[in-house]
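Chains, contacts and geometry: an overview
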Amino acid sequence: MNTTADIVKYKINELFETIQGEGSYTGQPSIFIRLQGCPVGCSWCDTKHTWDVELSDEVSPEKMLAKTHETPLWASFTPQDILTLVQHKGYQAKHIVITGGEPCMYDLTPLCELFEEQGYSAQIETSGTFEVKTTARCWVTVSPKVNMRGGYEILTSAMSRANEIKHPVATEQHVDDLKALLKAHNIVDTAIYLQPISQKKRATELAISTCIANNWRLSIQVHKYIGIE
Ligand SMILES: C[S@@+](CC[C@H](N)C(=O)[O-])C[C@H]1O[C@@H](n2cnc3c(N)ncnc32)[C@H](O)[C@@H]1O
Ligand SMILES: Nc1nc2[nH]cc(C(=O)O)c2c(=O)[nH]1
Ligand code: SF4
Ligand SMILES: [Mg+2]
């Protein structure tokens with residue numbers, strides 16, 4: 001009999017083992033699953049190669065895994081395919097991070113359920129513009145995107161589900177946007193991280209001073225400073 005986990009397929013752009021470089025799990029050995037597709041349109045996005053989903057970009061799992069640079073090529077995997085691949089590769093991390101693209105365009109429940117059953121913890125990186133469909137145990141990092149080109153709104157359900165909110169900042173406007181969001185969605189107790197956009201000096205200085213003023217935390221994309229994936 002087919003279970004949901006057999007049927008759901010995810011379009012994967014990259015799968016790799018590294019150290020989580022952002023937010024409260026910084027430093028955690030992690031298996032990154034990067035899904036293809038995002039319509040939100042942040043001008044400074046790190047992963048623009050994941051935005052478009054072209055059927056002509058579908059490749060075999062082998063070809064996707066053999067990529068040596070960022071491309072929009074993706075391959076299709078069931079949750080069981082992903083688990084088998086992770087085991088086959090001999091990855092040792094016991095924490096998966098599902099990112100993208102915008103992973104919450106997919107129902108992530110079957111994927112997280114399967115890994116959690118196998119003793120992994122799961123985390124999602126999401127923009128807060130799609131309903132978060134995952135297990136109760138999954139750690140949800142919401143990095144809210146306000147007034148981006150795609151015209152998407154932040155959902156109250158995503159803000160309320162967040163275990164942490166990690167806001168990208170470069171200008172005072174970004175800080176004001178975050179304060180307005182926290183107020184509008186009645187967020188009081190959730191841990192707040194500011195993440196300087198693209199390691200820019202002024203963005204980092206702004207993030208530091210704003211964290212100190214508000215008792216928020218700093219997230220500096222550690223992987224970029226040490227030159228890992
Ligand atoms: C590439 S996004 C993918 C997941 C999801 N679409 C999202 O935006 O959360 C992963 C994380 O990287 C952050 N990010 C993307 N580009 C960045 C940049 N240039 N500087 C700092 N953070 C960035 C996002 O805000 C998000 O927290
Ligand atoms: N090391 C590392 N940590 C990360 N945390 C969030 C990332 C992402 O692209 O979602 C990311 C990434 O791409 N690499
Ligand atoms: S929502 Fe995430 S993946 Fe999409 S454009 Fe913005 S930062 Fe990039
Ligand atoms: Mg990244």
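Reading the values: rules and limits
Residues numbered from 1 in each chain as written. Chains lettered and ligands numbered in written order. Predicted model: local features only at pLDDT ≥ 70, side-chain atom pairs only at ≥ 80, totals over all residues. Heavy atoms only, no water. UniProt positions renumbered as here; feature names shortened; annotations may be inferred. Helix = DSSP H or I, 4+ residues; strand = E, 2+ residues; numbered from the N terminus. Rg over C-alpha atoms; globule rule 2.2 N^0.38 Å. Buried < 20%, exposed > 50% of the residue type's maximum accessible area, 1.4 Å probe, protein only. Contact = heavy atoms within 4.5 Å. Areas by Shrake-Rupley, 256 points an atom, 1.4 Å probe, with all protein chains shown as cover. Lys, Arg positive; Asp, Glu negative; His and termini not counted. Charge placed at Lys NZ, Arg CZ, Asp CG, Glu CD. Pairing = 2+ DSSP bridges. Near = heavy atom within 4 Å. Polar contact = N/O pair within 3.5 Å; in protein donor to acceptor, adjacent residues only side chain to side chain. 1 Å grid on protein atoms, 1.4 Å probe; cavity = no way out; pocket = protein on both sides within 12 Å on 5 of 7 lines; lining within 4 Å. Sits in = over half its atoms within 2 Å of the grid points. Nonpolar A, V, L, I, M, F, W, Y, C, P; charged D, E, K, R; others polar. Axes fitted to C-alpha atoms, helices over the stretch in contact; angles between N-to-C directions.

If you look the chain up in an unreviewed UniProt entry, it shows as 7-carboxy-7-deazaguanine synthase from Colwellia asteriadis. A UniProt comment under Sequence similarities (unreviewed entry) is attached to the chain, and it reads "Belongs to the radical SAM superfamily. 7-carboxy-7-deazaguanine synthase family." Recorded in UniProt for the chain, the comment headed Catalytic activity (unreviewed entry) runs: "6-carboxy-5,6,7,8-tetrahydropterin + H(+) = 7-carboxy-7-carbaguanine + NH4(+)".

Below, the discussion takes up the overall build of the chain. Looking only at helices and strands, the chain has eight helices and nine strands in total. On C-alpha atoms alone, the chain measures out to a radius of gyration of 17 Å, which is about the 17 Å that the 2.2 N^0.38 rule sets for 229 residues. Across its three principal axes, the chain shows a C-alpha extent of roughly 55 × 35 × 35 Å. Among the 229 residues that make up the chain, the fraction classed as buried is 50%. Nonlocal contacts in the chain, meaning residues at least 24 apart in sequence, comprise 63% of its contacts between residues at least 6 apart. Accessible surface, the chain as shown: approximately 11200 Å² in total, 50% of it carbon and sulfur. Taking the 21 positively charged and 27 negatively charged side chains of the chain as two groups, their mean positions are separated by 5 Å.

The buried fraction of strand 1 (residues 10-19) amounts to seven of the ten residues, a majority that puts the element mostly inside the structure. Pairing analysis gives three bridges linking strand 1 to strand 3 (residues 75-77), with the strands arranged antiparallel. Across the sheet, residue I12 finds its bridge partner in strand 3, namely A75. Strand direction decides the pairing type here: strand 1 and strand 2 (residues 29-35), joined by seven bridges, are antiparallel. Counterpart to E14 in the pairing with strand 2 is R34.

With that settled, consider the site of ligand 1. Neighbouring ligand 1 are 21 residues, the closest being W44, G101, S143, K145 and S198. Measuring from a nitrogen atom of ligand 1, one finds a backbone N or O atom of W44 at 2.8 Å. Between ligand 1 and the protein, one listed contact pairs a nitrogen atom with a side-chain N or O atom of Q195 at 3.0 Å. Protein coverage of the free-state accessible area of ligand 1, which is 540 Å², stands at 95%. If you map ligand 1 onto the pockets, it falls in the largest pocket. Elements supplying a minimum of two residues to the shell around ligand 1: strand 5 (121-126), strand 7 (164-169) and strand 8 (191-196). Its residues placed into classes, the shell around ligand 1 shows five nonpolar, ten polar and six charged.

Strand pairing in a sheet takes place through backbone hydrogen bonds and is either antiparallel or parallel in direction. Reading across from one edge, 3-1-2-4-5-6-7-8-9 is the order of the nine strands in this open sheet, with mixed pairing throughout. What marks the edges here is a single partner per strand, and that holds for strand 3 and strand 9 (217-218). Contacts between helix 3 (residues 79-89) and the sheet are confined to strand 1, strand 2 and strand 3, with strand 1 contributing the most and set at about 30° to the helix. The strands touched by helix 7 (residues 201-214) are strand 7, strand 8 and strand 9; relative to strand 8, the strand with the most contacts, the crossing angle is about 160°.

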